[in-house]
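Coordinate inspection notes
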Amino acid sequence: MGTVARESKIGNRNIESSPLYNRDLAPADPARRTWSTYNYAALWVSMSVNILTYMLAASLIQGGMDWKQAVLTVFLGNTIVLAPMLLNSHPGAKYGIPFPVLARASFGLLGANVAAVLRALVACGWFGIQSWIGGEAINTLLATLWPAWARNPHGVVICFAVFWTINLIVVLKGIEYIRFLQGISAPILLGVGLLLLAWAYTNAGGFGPMLSARSQFRSTAEFLKFLIPALNGTVGFWATVSLNIPDFTRFARDQRGQVIGQAIALPTTMTLYSFIGVAVTSATVVIYGSAIWDPVQLLSRFHSPIAVIISLLAILLATLNVNIGANVVSPANDFSNLWPKGISFKIGGVITCFMGVAMMPWKLLANHKTFIFGWLGGYAAVLGPVAGIMICDYFLIRRKILSVDSLYLRGSEYEYSAGFNWKAITALVIGTGVALVGLVVPSVRFLYDYSWFVGFAVASLIYLALMPRQN
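Below: a short report on this structure. (Residues numbered from 1 in each chain as written. Predicted model: local features only at pLDDT ≥ 70, side-chain atom pairs only at ≥ 80, totals over all residues. Heavy atoms only, no water.)

As for the nonpolar core
The criterion, for reference: The criterion is simple. A nonpolar core is a set of buried Ala, Val, Leu, Ile, Met, Phe, Trp, Tyr and Cys residues joined through side-chain atoms within 4.5 Å. Relative accessibility decides the category of a residue: with a 1.4 Å probe and only protein chains considered, values under 20% of the type maximum give buried, values over 50% give exposed, and everything between is partly exposed. Under the DSSP-based scheme used, a helix requires at least four consecutive residues in state H or I and a strand at least two consecutive residues in state E, with every element numbered from the N terminus. Contacts are assigned to residue pairs that have any heavy atoms within 4.5 Å of one another.
Within the largest apolar cluster, 114 residues are counted, with the highest numbers of intra-cluster contacts made by Trp44, Tyr54, Ile97, Phe107 and Trp238. Counting residues per element, this core draws most heavily on helix α7 (residues 112–145), which supplies 11 residues. Excluding its chain neighbours within four sequence positions, the residues that come into contact with Trp44 are Met85, Trp238, Val241, Ile245, Gln262, Ala265, Leu266 and Thr269. Among the nonpolar cores identified, the runner-up in size contains 13 residues, and Leu60, Met65, Phe217 and Leu227 belong to it.

Details of the pattern of salt bridges
The test is simple: The working definition used for a salt bridge is a side-chain nitrogen of Lys or Arg within 4 Å of a carboxyl oxygen of Asp or Glu.
Overall, the coordinates contain 4 salt bridges when judged by the stated rule. For Glu415, the salt bridge is made with Arg410, and the minimal N-O distance between the two is 2.6 Å. The salt bridge involving Arg445 is made with Asp449; its shortest N-O contact spans 3.1 Å.

Considerations on the packing of α7 against helix α15 (residues 305–327)
Let me state the cut-off plainly: Whenever a helix is involved, its axis is fitted only over the stretch in contact; in every case the axis is a line through C-alpha atoms, and angles between N-to-C directions fall within 0 to 180 degrees. The labels follow the angle: roughly parallel below 35 degrees, roughly antiparallel above 145, roughly perpendicular from 65 to 115, and oblique for the rest. Less than a right angle of anticlockwise turn of the near helix away from the far helix marks a crossing as left-handed, whereas a clockwise turn marks it as right-handed. The classification used treats Ala, Val, Leu, Ile, Met, Phe, Trp, Tyr, Cys and Pro as nonpolar, Asp, Glu, Lys and Arg as charged, and all other residues, Gly among them, as polar.
Remark: α7 packs on α15, axes separated minimally by 9 Å, with the N-to-C direction vectors making an angle of 165 degrees. Here α7 lies roughly antiparallel to α15, going by the angle between them. For α7 against α15, the interelement crossing comes out left-handed. Among the residues forming the contact of α7 with α15, the class breakdown is 16 nonpolar, 8 polar and 1 charged.

Some remarks on the state of the cysteines
For the record, the criterion: Throughout, a disulfide means two cysteine sulfur atoms within 2.5 Å of one another.
Applying the stated rule across the entire model yields 0 disulfides. The cysteine Cys159 is free of any disulfide, with Cys353 supplying the nearest cysteine sulfur at 18 Å.

Observations regarding the packing of aromatic side chains
Filter applied, for reference: Note on ring pairs: Phe, Tyr and Trp rings are taken, using the six-membered ring of Trp, and paired if centres are within 6.5 Å. Classes follow the plane angle, with under 30 degrees stacked, over 60 edge-to-face and the rest tilted.
Using the criterion set out here, one finds 21 aromatic pairs in the structure. Ring geometry for Trp67 and Phe275: centres 5.8 Å apart, planes at 75 degrees, overall edge-to-face. Placement of the pair is Trp67 in helix α5 (residues 67–95) and Phe275 in helix α13 (residues 255–288), with a sequence separation of 208 residues. Relative to Phe237, the ring of Trp126 has its centre 5.5 Å away and its plane inclined at 75 degrees; by these criteria the two rings are edge-to-face. Taken together, the residues Trp126 in helix α7 and Phe237 in helix α11 (residues 220–244) connect sequence positions 111 residues apart.

Let's talk about helix α17 (residues 345–358)
Defined as follows: Working rule for helices: expected span equals 1.5 Å times residues minus one. Note that the arc is computed from the directions linking the helix axis to the C-beta atoms.
Here α17 contains 14 residues, and its C-alpha end-to-end distance of 20 Å stays within 8% of the 20 Å for a straight helix at 1.5 Å per residue. Buried residues of α17: Gly348, Gly349, Thr352, Cys353 and Gly356, and no others. The arc enclosing the buried residues of α17, seen along the axis, measures out at 150 degrees, which places them on a common side. Once α17 ends, the next one or two residues include Met360, with phi positive near 50 degrees.

Thoughts on the environment of Ala143
The residue Ala143 is located in helix α7 in this model. Owing to a relative accessible area of 24%, Ala143 belongs among the partly exposed residues under this scheme. Sequence separation between Ala143 and Gly155 is 12 residues, and the spatial gap between their C-alpha atoms is 9.1 Å. Not counting residues within four places of it along the chain, the set of residues in contact with Ala143 comprises Trp149 and Ala150.

Everything listed here is a matter of geometry and, on its own, says nothing about what the molecule does.
See below:
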């Protein structure tokens, strides 16, 4: 702790007067570094137990996997993404700095905005997706309470606007406004999942029939053709937070606490809640003859209004909490980094809300192919290279040594060329380009199917070759 306090010099006037500094981006001082193992475990439980985790696993069933293949894919993907998550967590916990400030070390004082905006745009897309799910829940709730509402052709759009507005109000009031909900949102949504599991168990005739749906792949080659992009999409699911995890670990008491908390909670919670999504979706094949991967649509088929109302209210509460916690914190900091003296955390949050609509989430959730192959795979091709560059820079180039003051001052060692490290940007462009080649050249489709892995490896190797080592 003494090292961080000595290196950061929060009271230094040069830093506070710098155009690269504001209170939201400043290093966390010892008084704010109170997060323990429990806090990081609770963070991942609250973020993992959400509708999108359910839908991710359920979409694998809709794509043709059996329940064992789907659960194993989710577990493997989350175990893999835990590695870059913990690597990027280290500088946040050591120096108390958020993601966009850390990116200044590798991309340059101004070039960091490239990485930050790319990450922010993905978060905006997720914000829109979560808001659309919340709107669907409100629409189904109204149709249950007032059947005439079901005949409204614009019902979902209206409800989306309502839920989006609720999110905006919370952002304007500050994240503290719903902090007290974090402790109850995950248990509530877990209860909804267990309710659906009990319903599936009863109506499908037990776990035997509900998990009896076989894999729809006729050969190993056909299975691998789906598995590779599915695994890539599963890694991409949390590739976003694996970049901005310093936004959270900057408040850690020590390295050990944040590492243990994340390592325990992320893979296990994602896998357990994914099993619920897999089991229930498998049961819908038995009950309805087709896989229903959207739990809101499934709840709309329930005949008990009370069960529907309670479940949908729980989904709304949990979705609101996850949306603010997982999809506003990072882009708000990222947009603030664009103009620290003019864009506060709150203004950055408002920008996120409007960008979420512009990303057209209804198209991203159109079907499982759009969701896994298009959305998750597409942005993984961009975020993989960013992660590779930042991890390579911190551990291999700088050997975990940063000058915190210099990250906030123009003309420092992180100035590079007028604020941009063109070697990092070159590595980013090449890494992303190689991963995206698979979209246009069928013979190398595997490059896109493994977009996160390919982008990470190519960008980090190029950056390592271009950058001189620090003594």
